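# Residue-level structural notes
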Amino acid sequence: MSELKFPEGFYWGTATSAYQIEGAWNEDGKGQSIWDTYAHTPGKMKNGETGDVANDSYHRYREDIGVMRSIGANAYRFSIAWPRIFPQGTGAPNPKGLDYYSRLVDELVGAGIAPFPTLYHWDLPQALQDKGGWQSRDTAKAFGDYAGYVAEKLGDRVRHFFTINEFRSFVDGGHHGFDVAVPGGTMTVSIAPGLKLPPQEHNQVRHHAVLGHGLAVQAIRARGPKGTKVGPAEVIEVGVPMIESREHIKAAEAATRERNAPFLTVMLEGRYTDAYLKNAGKDAPRFTDDDLTIISSPLDFVGINVYRPTAYVMAADNGRGWREIPFAKGHPKMSASWHTVGPEALYWAPRFVQSLWKAKEIFITENGCATQDVVADDGMVYDTDRIMFLRSCLTELQRATADGVPVKGYFQWSTMDNLEWTAGFSNRYGLVYVDFATQKRTPKLSATFFREAATRNAVV
């Protein structure tokens, strides 16, 4: 059999976020975050579950890095909890918080695993939320200051920083709520801080988030060592051509550009699209030319989270040149109700990032699926559905690299089962099974699959 190989030097990583795995929510001087507040609010979390302990990775990080090494990962994408570093969001830093991440980075480097920290994975310091949160322009400035401080302190060992994870999710889901197309209808997503702002205020939060990203890029450039690389980790809204022909591919590319107008498009083009501003009308965000210059600060790479097609697209004679095809009621999905299956998104998402915005380097910063995992009598977890999903996605991603798309690495979500936000512990995404009562870690069959793929640098 001929192997479907990935480029030499490809990163095989796994990913997590601070609130979902660390626990230790009020230890060693950490400030409260909006997720601490939200999870402690009755009725917000499934079964009342919280991240107070989660995977207890704050205390078990050495064990977890050992597990990562055993399953073949050579990179780890984790997030830094802003309120561990600055408990009030600004002001005096917390030395114990910085020390934890310094020890984590040292342990990763010692294990031969490249650290890829994300500076913001939704856990805004509650102290800043009390002052307006992302509705305030001051939060964007505070984020830039925090990012620069972390780059200065960890940049001697960290070569890649992601600024912000999934702008759309925390902005739209946290400040207005949004609907996701699923087979047979839609589902609504709402997360911390749980606001439902009117359109203009919501659009202004979008603007402040990308402004914060730009200020962070500039601060990392100014305060990190020379050669430090930086980019975002956005959940791209990708239009997949229903039929792979020139006209439908062009239509899907146009749809992808427009669907990402408030986030990736403005970051990579330095302007909001005409259609976005026209549709927003009087509710468009207020901004200056200087803002757009900051937002579009040059990047070293673009990180994209890709789980599914946002929509299937066909060419249309309707003024904009494209139309979306609804998912059939019987379209296959994974365990999570929102997770429509469409592995071809792993081809088209990075390809369009290249063709639209000429990205020099691209990372798949998240890809994975929830499955209904159980431990068998022999102690194994036979997650054949996850392996089917991953093999299909990696086949499409390898196709992209073979076509010259500059994908430099892949991060599987997630390293291990963890708190999946408002779904609590019920949605298991990990390559490693976690018994949350005992904190025992058990690699699943998919971990064996991942190790083989990483070892051979190929689809297996």
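I will try to describe carefully the structure that is included in this document. Note that the structure is a prediction, hence the values are computed from the model and not measured.

The secondary structure content of the chain amounts to 16 helices and 15 strands. For 460 residues, the compact-globule formula gives about 23 Å, and the C-alpha radius of gyration of the chain, at 21 Å, lands near that figure. Among the 460 residues that make up the chain, the fraction classed as buried is 61%. Considering only residue pairs separated by 6 or more positions, the chain has 77% of its internal contacts joining residues 24 or more positions apart.

Our next topic: the pattern of salt bridges. The tally for this structure, following the rule as stated, stands at 33 salt bridges. Among the ionic pairs, Lys-30 bridges to Asp-36, the shortest N-O distance being 2.8 Å. Under the relative-accessibility criterion, Asp-36 is labelled buried at 0%. In this structure, Asp-172 engages Arg-168 in a salt bridge whose closest nitrogen and oxygen atoms are separated by 3.7 Å. Pair noted here: Asp-172 and Arg-168 are both in helix α8 (residues 167-175), with a separation of four residues, about one helical turn.

This paragraph deals with empty space enclosed by the protein. Across all of its chains, the model carries three cavities of 30 Å³ or more by this definition. Each pocket or cavity is described by its volume, and for the largest cavity that value is around 80 Å³. Around the largest cavity sit 15 residues that line it, and Ile-21, Ser-57, Tyr-76, Tyr-100 and Leu-104 are the ones nearest its centre. Of all the elements in the fold, those that place two or more residues in the lining of the largest cavity are α1 (18-21), α3 (57-70), β2 (75-79) and α5 (95-110). Considering every element that reaches the lining of the largest cavity, the biggest residue donor is α3, with five residues. Classifying every residue of the lining of the largest cavity gives nine nonpolar, four polar and two charged. Empty space within the second largest cavity amounts to approximately 70 Å³. Lining the second largest cavity we find Ala-18, Tyr-19, Glu-22, Gly-23, Trp-25, Lys-30, Ser-33, Asp-36, Gly-51, Ala-81, Arg-84 and Asp-123. Of the residues that constitute the lining of the second largest cavity, the class distribution is four nonpolar, three polar and five charged.

Where empty space is left can be seen by rolling a probe of water-molecule size over the atoms. Counted as a void, the second largest pocket has a volume near 160 Å³. What lines the second largest pocket is a set of 13 residues, and nearest its centre among them are Leu-268, Leu-299, Val-302, Trp-357 and Ala-359. Taken together, the residues of the lining of the second largest pocket break down into eight nonpolar, two polar and three charged.

Two faces belong to every sheet, and in a regular strand the side chains alternate between them. Counted residue by residue, strand β3 (residues 114-120) has six buried out of seven residues, so it is predominantly covered. Bridging between β2 and β3 involves five bridges; their strand directions are parallel. Pairing of Arg-77 across the sheet is with Phe-116, part of β3.

Below, the discussion takes up the packing of helix α14 (residues 345-357) against helix α15 (residues 384-402). The contact between α14 and α15 brings their axes to 7 Å, and the two run at 35°. Once α14 is placed against α15, the crossing between them reads as right-handed. Of α15, the residues touching α14 (which contributes Leu-346, Tyr-347, Trp-348 and Pro-350) are Cys-393, Glu-396, Leu-397, Arg-399 and Ala-400. Of the residues that constitute the contact of α14 with α15, the class distribution is seven nonpolar, no polar and two charged.

On to the packing of aromatic side chains. Across all of its chains, the model carries 43 aromatic pairs by this definition. A ring pair is formed by Tyr-120 and Trp-134, whose centres lie 5.5 Å apart and whose planes are at 70°; its orientation type is edge-to-face. A residue pair is termed long-range when its members are at least 10 positions apart, and Tyr-120 in strand β3 and Trp-134 in the loop between α6 (126-129) and α7 (137-154) qualify at 14 residues. Residue Trp-134 is classed as buried on the basis of its relative accessible area, which comes to 1%. Among the aromatic side chains, those forming a connected cluster through ring pairs are Trp-82, Phe-86, Tyr-120, Trp-134, Phe-143, Tyr-146, Tyr-149 and Phe-170.

Further remarks concern the nonpolar core. Formed by 129 residues in total, the largest nonpolar core has its most connected members in Trp-35, Trp-82, Tyr-101, Trp-134 and Ile-304. The next biggest cluster of nonpolar side chains, apart from the first, holds 13 residues, and it includes Ala-75, Phe-116, Tyr-307 and Ala-336.

Here α15 crosses helix α16 (residues 445-456) at 25°, and the two axes come no closer than 9 Å. Here α15 lies roughly parallel to α16, going by the angle between them. As α15 packs across α16, the resulting crossing turns out to be right-handed. From α15, Arg-386, Ile-387, Leu-390, Arg-391 and Leu-394 reach across to α16, where they touch Leu-445, Ser-446 and Phe-449. Looking at the contact of α15 with α16 residue by residue, the class counts come to five nonpolar, one polar and two charged.

Strand order across the open sheet formed by three strands is β8-β10-β11, with mixed pairing between neighbours. If you trace the sheet from one side to the other, it starts and ends with β8 (239-241) and β11 (322-325), each paired once. Put simply, the sheet's adjacent strands are angled 45° from each other on average, direction ignored. Packing against the sheet, helix α10 (residues 246-259) makes contact with β8, β10 (311-315) and β11, and its axis sits at approximately 125° to β10.

What follows is about α5. End to end, α5 covers 22 Å across 16 residues, agreeing with the expected 22 Å (1.5 Å per residue, within 8%). Looking at the buried side of α5, the elements it contacts are α1, α3, β2, α4 (82-85), β3 and α7. Trailing α5 by a residue or two, Gly-112 shows a phi angle of about 75°, which is positive.

Looking now at unusual backbone geometry. The omega torsion of the bond from Ala-192 to Pro-193 falls at 5°, within 30 degrees of zero and hence cis. Examined against the element boundaries, Pro-193 turns out to sit in the loop between β6 (185-189) and α9 (199-223). In the segment running from Trp-413 into Ser-414, the intervening peptide bond is cis, with an omega of 5°. One can find Ser-414 in the loop between β13 (407-413) and β14 (432-435). Of note, Gln-439 is a non-glycine position whose phi angle comes to about 65°, a positive value.

The rules we used
- Residues numbered from 1 in each chain as written.
- Predicted model: local features only at pLDDT ≥ 70, side-chain atom pairs only at ≥ 80, totals over all residues.
- Heavy atoms only, no water.
- Helix = DSSP H or I, 4+ residues; strand = E, 2+ residues; numbered from the N terminus.
- Rg over C-alpha atoms; globule rule 2.2 N^0.38 Å.
- Buried < 20%, exposed > 50% of the residue type's maximum accessible area, 1.4 Å probe, protein only.
- Contact = heavy atoms within 4.5 Å.
- Salt bridge = Lys/Arg side-chain N within 4 Å of Asp/Glu carboxyl O.
- 1 Å grid on protein atoms, 1.4 Å probe; cavity = no way out; pocket = protein on both sides within 12 Å on 5 of 7 lines; lining within 4 Å.
- Points joined across faces, edges and corners; volume = space filled by probe spheres on them.
- Nonpolar A, V, L, I, M, F, W, Y, C, P; charged D, E, K, R; others polar.
- Pairing = 2+ DSSP bridges.
- Axes fitted to C-alpha atoms, helices over the stretch in contact; angles between N-to-C directions.
- Left-handed = near helix turned anticlockwise from the far one by under 90°.
- Phe/Tyr/Trp six-rings, centres within 6.5 Å; stacked < 30°, edge-to-face > 60°.
- Core = buried A, V, L, I, M, F, W, Y, C linked by side-chain atoms within 4.5 Å.
- Parallel < 35°, antiparallel > 145°, perpendicular 65-115°, else oblique.
- Expected span 1.5 Å × (residues − 1).

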